[in-house]
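A structural walkthrough
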Amino acid sequence: MATEGLTNPYEGIKKKVEIDGKSFSFFNLADLKDARYEKLPFSIRVLLESAVRNCDEFQVQKRDVENILDWDKNQGQSVEIPFKPARVILQDFTGVPAVVDFAAMRDAVKRLGGNPEKINPICPADLVIDHSIQVDVSRSADALEQNQELEFERNRERFVFLKWGATALKNMLIVPPGSGIVHQVNLEYLARVVFNEGGLLYPDSLVGTDSHTTMINGLGVVGWGVGGIEAEAVMLGQAISMVLPEVVGYKLTGKVDHLVTSTDVVLTVTKHLRQIGVVGKFVEFYGPGVSELSIADRATISNMCPEYGATVGFFPVDEKSLEYLRQTGRSEERIKFIEEFLREIRMFRNYSNPEEDPVFSQVVELDLSTVVSCCSGPKRPHDKVAVSEMKTDFKACLDNKIGFKGFAIPTDKQDTKVPIVFDNKEYILSHGSVVIAAVTSCTNTSNPSVMLGAGILAKKAVEAGLSVKPYIKTSLSPGSGVVTYYLRESGVTPYLEKLGFDIVGYGCMTCIGNSGPLPEPVSEGIEKGDLVACGVLSGNRNFEGRIHPLTRANYLASPPLVIAYALAGTVLIDFEKDPLGTNPEGKPVYLRDIWPTREEIQAVEKEFVVPAMFTDVYSRIQQGNKRWNSLVAPEGMLYPWDEKSTYIKSPPFFENMGKEVAKLESIKDAHVLLNLGDSVTTDHISPAGSIARNSPAARYLGNRGLTPREFNSYGSRRGNDAVMSRGTFANIRLVNKFMSKAGPRTRHIPSSDEMDIFDASERYKKEGRQVIVLAGKEYGSGSSRDWAAKGPWILGIKAVIAESYERIHRSNLVGMGIIPFQYLEGQTAETLGLTGTETYSVDIPDNLTAGQVLEVKLSNGKTFQVKTRFDTEVELTYFRHGGILNYMIRRML
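The structure reproduced in this document is the subject of the present report. (Residues numbered from 1 in each chain as written. Predicted model: local features only at pLDDT ≥ 70, side-chain atom pairs only at ≥ 80, totals over all residues. Heavy atoms only, no water.)

Remarks on the overall build of the protein chain
Cut-off, in case you're wondering: Here a helix means four or more residues in a row that DSSP labels H or I, a strand means two or more in a row labelled E, and each is numbered from the N terminus. Only the C-alpha atoms count toward the radius of gyration. The rule for a globule is 2.2 Å times the residue count to the power 0.38. Relative accessibility decides the category of a residue: with a 1.4 Å probe and only protein chains considered, values under 20% of the type maximum give buried, values over 50% give exposed, and everything between is partly exposed. Contacts are residue-level and defined by heavy atoms, with any inter-residue pair within 4.5 Å sufficient. Only the protein chains shown count as cover for residues, and all accessible areas are computed by the Shrake-Rupley method using a 1.4 Å probe. Residues scored as charged are limited to Lys and Arg (positive) and Asp and Glu (negative), so that His and the chain ends carry no count. Every charge is mapped to an atom, namely NZ of Lys, CZ of Arg, CG of Asp or CD of Glu.
Of the regular secondary structure elements, the protein chain holds 32 helices and 34 strands. Against the globule reference of 29 Å for 893 residues, the protein chain gives a C-alpha radius of gyration of 26 Å, in line with a compact fold. With the principal axes as the frame, the protein chain shows a C-alpha extent of 80 × 75 × 55 Å. Scored against the burial criterion, the 893 residues of the protein chain give a buried share of 64%. Here the analysis covers contacts within the protein chain between residues at least 6 apart in sequence; of these, 76% occur between residues at least 24 apart. Counting every atom, the protein chain has about 31500 Å² of accessible surface; 47% of that belongs to carbon and sulfur. For the protein chain, the centre of its 101 positive side-chain charges and the centre of its 111 negative side-chain charges are spaced 3 Å apart.

With respect to the sheet that holds strand S5 (residues 125–128)
Selection criterion: Pairing between two strands requires that DSSP report at least two bridges joining them. Under this scheme, a helix contributes an axis fitted over its contacting stretch, all axes are lines through C-alpha atoms, and angles between N-to-C directions fall in the 0 to 180 degree range.
Across the sheet, which stays open at both edges, the five strands sit in the order S6-S5-S4-S9-S10 with parallel pairing between neighbours. The strands lining the two open edges of the sheet, one partner per strand, are strand S6 (172–175) and strand S10 (222–225). Direction aside, the axes of adjacent strands within the sheet are offset by 20° on average. Pairing of strand S4 (residues 87–91) with strand S9 (residues 205–208) involves three bridges; the strand directions are parallel. Considered in S9, the bridge of Arg 87 is made with Leu 206. Its contacts with the sheet place helix H8 (residues 228–235) against S4, S5, S6 and S9, and it is angled at close to 140° to S4.

Examining the packing of aromatic side chains
Spelled out, the test is: In this analysis, rings of Phe, Tyr and Trp, with Trp reduced to its six-membered ring, are considered paired at centre separations within 6.5 Å, and the interplanar angle assigns stacked below 30 degrees, edge-to-face beyond 60, and tilted for intermediate values. Here, a charge over a ring means that NZ of Lys or CZ of Arg falls within 6 Å of the ring centre while also lying within 35 degrees of the ring normal.
Under the defined criterion, the tally for this structure stands at 25 aromatic pairs. Their ring planes at 75° and their centres at 5.2 Å tell us that Tyr 639 and Trp 641 sit as a pair that is edge-to-face. Owing to a relative accessible area of 13%, Tyr 639 belongs among the buried residues under this scheme. Put simply, the rings of Phe 161, Trp 164, Tyr 639 and Trp 641 touch in pairs and so form one group of aromatic residues. Sitting over the ring of Tyr 202, Arg 53 keeps its end group 3.9 Å from the ring centre. Seen from the ring of Tyr 485, Arg 488 lies directly overhead, with NZ or CZ sitting 5.1 Å from the centre.

Considerations on the nonpolar core
Short version of the rule: As used here, the term nonpolar core means buried Ala, Val, Leu, Ile, Met, Phe, Trp, Tyr and Cys residues forming a set that is joined through side-chain atoms within 4.5 Å.
Core analysis: the biggest nonpolar cluster contains 297 residues, and Tyr 565, Phe 729 and Tyr 779 have the highest contact counts within it. The greatest single-element share of this core, amounting to 11 residues, is contributed by helix H5 (residues 92–111). Leaving out residues up to four positions away in the same chain, Tyr 565 has contacts with Cys 375, Val 387, Met 390, Val 434, Val 536, Thr 570, Val 571, Ile 573 and Phe 575. By size, the runner-up hydrophobic cluster in this structure holds 11 residues, among which are Leu 701, Phe 711, Tyr 714 and Ala 730.

Some points on the side chain of His 809
Its place among the elements puts His 809 in helix H30 (residues 807–815). Exposure remark for His 809: the relative accessible area of 1% places this residue in the buried category. Not counting chain neighbours up to four residues away, the residues in contact with His 809 comprise Thr 682, Ile 685, Tyr 779, Gly 780, Ala 788 and Ala 789.

Quick look at the packing of helix H16 (residues 448–463) against helix H20 (residues 559–568)
As a reminder of what qualifies: Working rule for angles: under 35 degrees goes down as roughly parallel, over 145 as roughly antiparallel, 65 to 115 as roughly perpendicular, anything else as oblique. Under this grouping Gly is polar, as are all residues other than the nonpolar Ala, Val, Leu, Ile, Met, Phe, Trp, Tyr, Cys and Pro and the charged Asp, Glu, Lys and Arg.
As a packed pair, H16 and H20 sit with axes 7 Å apart at the nearest point and diverge in direction by 30°. Our classification of the angle between H16 and H20 gives roughly parallel. Taking contact as the criterion, the partners of Val 450, Met 451, Gly 453, Ala 454, Leu 457, Ala 458 and Ala 461 in H16 are, on H20, Pro 559, Pro 560, Ile 563, Ala 564 and Leu 567. Partitioning the contact of H16 with H20 into residue classes produces 11 nonpolar, one polar and no charged.

Observations concerning the sheet that holds strand S13 (residues 282–286)
Strand order in the open sheet formed by four strands is S14-S13-S12-S15, and the pairing between neighbours is parallel. Both outer strands of the open sheet, strand S14 (312–314) and strand S15 (362–367), are each paired with one neighbouring strand and no more. This sheet shows a mean twist of 20° between the axes of neighbouring strands, independent of strand direction. Along the sheet, helix H9 (residues 262–276) contacts strand S12 (247–253), S13 and S15; its crossing angle with S15, the most-contacted strand, is approximately 150°.

Quick notes on the pattern of salt bridges
Inclusion rule: Each salt bridge in this description consists of a side-chain nitrogen of Lys or Arg and a carboxyl oxygen of Asp or Glu lying within 4 Å of one another.
In this structure the tally under the stated criterion is 54 salt bridges. Among the salt bridges present, the one from Glu 246 reaches Lys 281, with a minimum N-O distance of 3.9 Å. One end of the pair, Glu 246, is in the loop between strand S11 (240–243) and S12; the other, Lys 281, is in the loop between H9 and S13, with 35 residues separating them in the sequence. Classification of Glu 246 by relative accessible area gives partly exposed; the value is 28%. Look at the salt bridges and you will find they share partners, linking Asp 34, Arg 36, Glu 66 and Asp 70 into a network.

Some points on the environment of Asn 350
Among the structural elements, Asn 350 can be located in the loop between helix H13 (332–344) and S15. Since its relative accessible area comes to 38%, Asn 350 is described here as partly exposed. Asn 350 sits 259 residues away from Gln 91 along the chain, and the two C-alpha atoms are 34 Å apart.

What to know about the environment of Phe 282
The residue Phe 282 is located in strand S13 in this model. Given the relative accessible area of 1%, Phe 282 is considered buried. Expressed as a C-alpha distance, the spacing of Phe 282 and Ser 361, which sit 79 residues apart in the sequence, is 9.8 Å. What Phe 282 contacts, discounting residues up to four positions off in sequence, is Ser 43, Ile 44, Leu 47, Trp 224, Met 242, Pro 245, Glu 246, Val 247, Val 248, Thr 311 and Val 312.

Notes on unusual backbone geometry
With an omega of 10°, the peptide bond between Gly 377 and Pro 378 qualifies as cis. Considering the arrangement of structural elements, one finds Pro 378 in the loop between strand S16 (374–376) and strand S17 (384–386). For Asp 20, which is not a glycine, the phi torsion comes out positive at approximately 50°. A positive phi is found at Ala 408, a non-glycine position, where the angle reads about 50°. If you trace the backbone, Ala 408 turns up in the loop between helix H14 (390–399) and strand S18 (417–422). For Ala 408, a relative accessible area of 38% puts it in the partly exposed group.

Observations regarding the pairing of S18
What you see with S18 is a clean split: Val 418, Ile 420 and Phe 422 sit on the buried side and Lys 417, Pro 419 and Val 421 on the side with no burial. Pairing between S18 and strand S19 (residues 425–430): six bridges, direction antiparallel. When the sheet's bridge partners are listed, Ile 420 is paired in S19 with Tyr 427. The turn linking S18 back onto S19 is made up of two residues, and Asp 423 within it adopts a positive phi angle of 50°.

Remarks on the environment of Asn 8
Condition: Polar contacts, as used here, are pairs of N or O atoms within 3.5 Å; protein pairs need one atom able to donate a hydrogen and one able to accept it. Residues neighboring in sequence count only if both atoms are side-chain atoms.
Here Asn 8 shows up in the segment before strand S1 (14–19). On the basis of relative accessibility, which here comes to 7%, the residue Asn 8 falls in the buried class. The contacts of Asn 8, once residues within four sequence positions are left out, are Phe 27, Val 52, Arg 53, Asn 54 and Cys 55. A polar side-chain atom of Asn 8 sits 2.9 Å from the main-chain carbonyl oxygen of Arg 53.

Overview of the side chain of Asn 28
Its location among the elements puts Asn 28 in the loop between strand S2 (22–27) and helix H1 (35–39). Using a relative accessible area of 2% as the deciding quantity, one classes Asn 28 as buried.

Quick look at the packing of H9 against helix H10 (residues 295–303)
Let me state the cut-off plainly: Crossings are classed by handedness, with left-handed meaning an anticlockwise turn of the near helix from the far one by less than a right angle and right-handed meaning a clockwise turn.
Contact geometry of H9 with H10 gives a least axis separation of 9 Å together with a crossing angle of 35°. As for the relative orientation of H9 and H10, their crossing is right-handed in sense. For the pair H9 and H10, the contacting residues are Ser 262, Val 265, Val 266 and Val 269 in the first and Asp 297, Thr 300 and Ile 301 in the second.

Some words on helix H29 (residues 787–794)
Of all eight residues in H29, seven are buried; the element is thus mostly enclosed. For H29, the full list of buried residues reads Trp 787, Ala 788, Ala 789, Lys 790, Gly 791, Pro 792 and Ile 794. A positive backbone phi angle near 90° is found at Gly 796, which sits one or two residues after H29.

A short note on the state of the cysteines
Put simply, the test is: The disulfide definition used here is simple: a pair of cysteine sulfur atoms within 2.5 Å.
All chains considered together, the criterion is met by zero disulfides. Not engaged in a disulfide, the cysteine Cys 375 finds its nearest cysteine sulfur in Cys 374; these two sulfurs lie 6.9 Å apart.

Read these as spatial facts, not as claims about activity.
The following block contains the structure:
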């Protein structure tokens with residue numbers, strides 16, 4: 001997307017070329033003749049190209065180009081730059097609220113006397129409908145069909161609305177449901193690598209409304225997750241304002257052991273980078289070890305970038321990238337101009353040539369030969385556990401006090417056994433019993449090596465006479481139809497099905513919290529024994545309460561390990577010493593007997609993962625399916641809101657908005673709505689999973705005639721602010737210091753009444769009182785969930801005071817006009833003696849500046865200082881307008 005209508009001062013380096021008889025042009029950065037360019041990390045070169053191409057001396061200025069060229073001096077110095085990505089990618093859970101906001105913005109513009117037709121995506125947007133499917137049916141040959149039928153039954157209103165958006169909003173491509181997971185579809189089909197806009201070539205780059213957008217970094221495309229609110233502004237043509245990042249060079253050497261998977265590599269990298277500390281930084285991989293990794297391996301590592309905290313985990317384009325484009329059915333014509341263009345502007349990488357290594361802010365190294373088989377858990381994705389230590393680690397977790405590595409189970413309760421009857425047969429549940437085993441998630445299902453590894457392991461297990469206990473909820477949810485294709489063609493599908501791993505749908509499913517209900521005897525057994533039951537999944541997130549309310553321990557593992565733990569039925573197993581079971585002759589079968597080597601897997605992959613599969617699957621993707629095509633959507637530029645709808649509702653964000661910017665409002669005698677600790681995730685703030693029957697959201701839906709089976713999930717209801725505001729902080733694992741036990745409750749301070757959080761916020765509103773939130777470190781970590789900022793805004797939260805913030809969530813708070821305050825270095829609620837029962841006042845000056853330190857006055861006479869976390873002048877501008885979308889509406893006017 002090049003800037004139109006304004007003169008670009010860099011037109012002089014625009015070069016015309018012929019490739020295969022066709023004329024192209026591009027901004028040739030090599031013609032800057034600037035020695036600084038050659039030293040820039042490849043990821044920064046992408047930011048530079050965007051700045052040069054979009055330079056209009058308005059949104060992007062020559063000084064911005066100079067600042068990027070001066071990266072070596074400016075990195076880490078809070079130098080602000082604009083970035084205009086080439087496109088935006090959304091999935092349906094965030095796509096629906098984006099389209100809702102666009103529809104509401106059109107209404108607001110019309111009300112204020114403007115032209116609503118101006119509210120249209122300017123930057124191309126791809127929306128993949130992938131999050132709405134739940135594992136209702138598993139272990140059945142018809143599971144896929146039944147789950148998809150239920151998906152359409154539950155989500156018809158949402159799908160009709162999105163279909164309206166597909167025609168009413170220009171420049172937006174919608175990929176219908178049932179096609180796959182957004183990040184895999186992006187990798188295999190949507191990614192351009194290089195854009196060709198009417199003959200103008202430029203690097204593909206993007207922002208997405210899911211934190212795992214970074215998966216595309218593995219293919220050499222710079223992209224990262226942003227809040228839905230910020231993504232909407234980008235769609236409207238606004239540049240992202242960002243601080244020029246430090247770039248950590250992550251050098252890979254050596255070769256991966258033949259028994260180790262790419263999942264083991266990514267869990268090792270995740271823990272390593274978490275320890276180093278890369279929040280807010282770019283990570284760029286280099287070194288000879290990179291050549292040992294396939295694009296699918298690289299994409300797996302890039303996918304978990306949010307879990308190690310970086311903004312991107314980037315692998316520049318090389319020969320293997322081109323091989324992957326061929327493998328996935330991209331045309332030779334496209335591959336030709338991609339290669340020539342990237343070589344010309346020096347963005348094509350040879351990892352074996354150290355002379356191409358750029359300058360990095362810091363260099364760290366990993367010898368791939370040191371990686372061992374591992375999992376992560378039981379509550380965080382960066383808590384790596386070697387498989388050889390799982391048994392002892394889980395036992396220690398039972399002992400440890402409640403925390404990320406502890407459940408505080410009394411010693412006399414650790415051997416609790418609960419008999420259950422399932423299908424007329426008795427089984428025993430205990431601490432560590434595996435009750436969910438899911439091969440799922442964009443992290444791994446895009447990777448043929450681990451998916452085929454799971455299939456080969458399943459084949460060997462069945463041939464050895466092993467089976468999975470029938471009460472374990474097993475599922476296989478591939479990221480695209482291509483996976484189904486190669487699993488079937490390679491002959492492993494029947495063996496996966498024999499172990500209960502039938503295909504249940506194409507989407508995030510278990511990883512996003514759509515695991516569906518457990519069998520009743522299992523649920524009752526877990527609750528009766530107060531058991532720490534386990535989920536094992538090939539996902540990227542395992543925060544408390546996310547996977548299933550009854551699985552307190554959840555471990556991330558490679559697809560083959562998911563099957564291994566399903567066969568074992570427990571995580572309390574030492575695979576070296578303990579057999580998985582016995583064969584028909586009564587001999588023990590160990591994991592080592594059935595584990596496939598990388599060489600075995602690569603041989604199968606080479607034979608069965610072929611371009612024709614990708615071409616066949618993706619040639620039909622935009623045709624949709626019978627159910628999607630039968631939906632009839634309303635027509636017209638303005639959406640006809642249905643007052644009776646419980647899925648789609650016009651939000652209140654612009655109701656009281658005027659044409660002029662209002663005066664900044666200070667915080668006066670605000671009460672603390674919630675007093676929270678460390679690592680409060682966006683899953684805690686705005687859950688995506690099931691709606692509890694006793695919750696305010698359930699009462700709202702019940703009052704509108706819905707039965708519990710019709711509630712669906714919070715994620716599917718993101719188009720309705722009445723449900724989402726009632727679901728804000730509704731996670732059953734939320735730890736609020738005002739309460740004696742975890743849950744979505746709080747104390748109304750003036751009366752000391754305990755109540756649901758939504759109800760407390762409503763009471764404060766009626767009393768005319770402001771509210772804030774106190775929090776610890778890493779507030780808002782996890783998924784890039786815009787409702788984790790929109791929900792608090794509706795609850796009336798004016799500010800959050802935290803020790804630190806996750807990058808995307810802080811940006812979302814700013815985007816909704818909520819102030820992110822941060823304690824000064826070394827200070828916390830505890831060191832300051834804050835109880836949360838005080839009232840808080842902060843004078844917000846009219847001349848507020850980015851990063852300004854302000855004084856907080858308490859009702860008990862104490863004072864302390866906080867840093868205002870508006871990191872750029874642009875963010876401060878958004879705040880003055882009451883939020884980023886309000887700013888965009890006023891700009892349109």
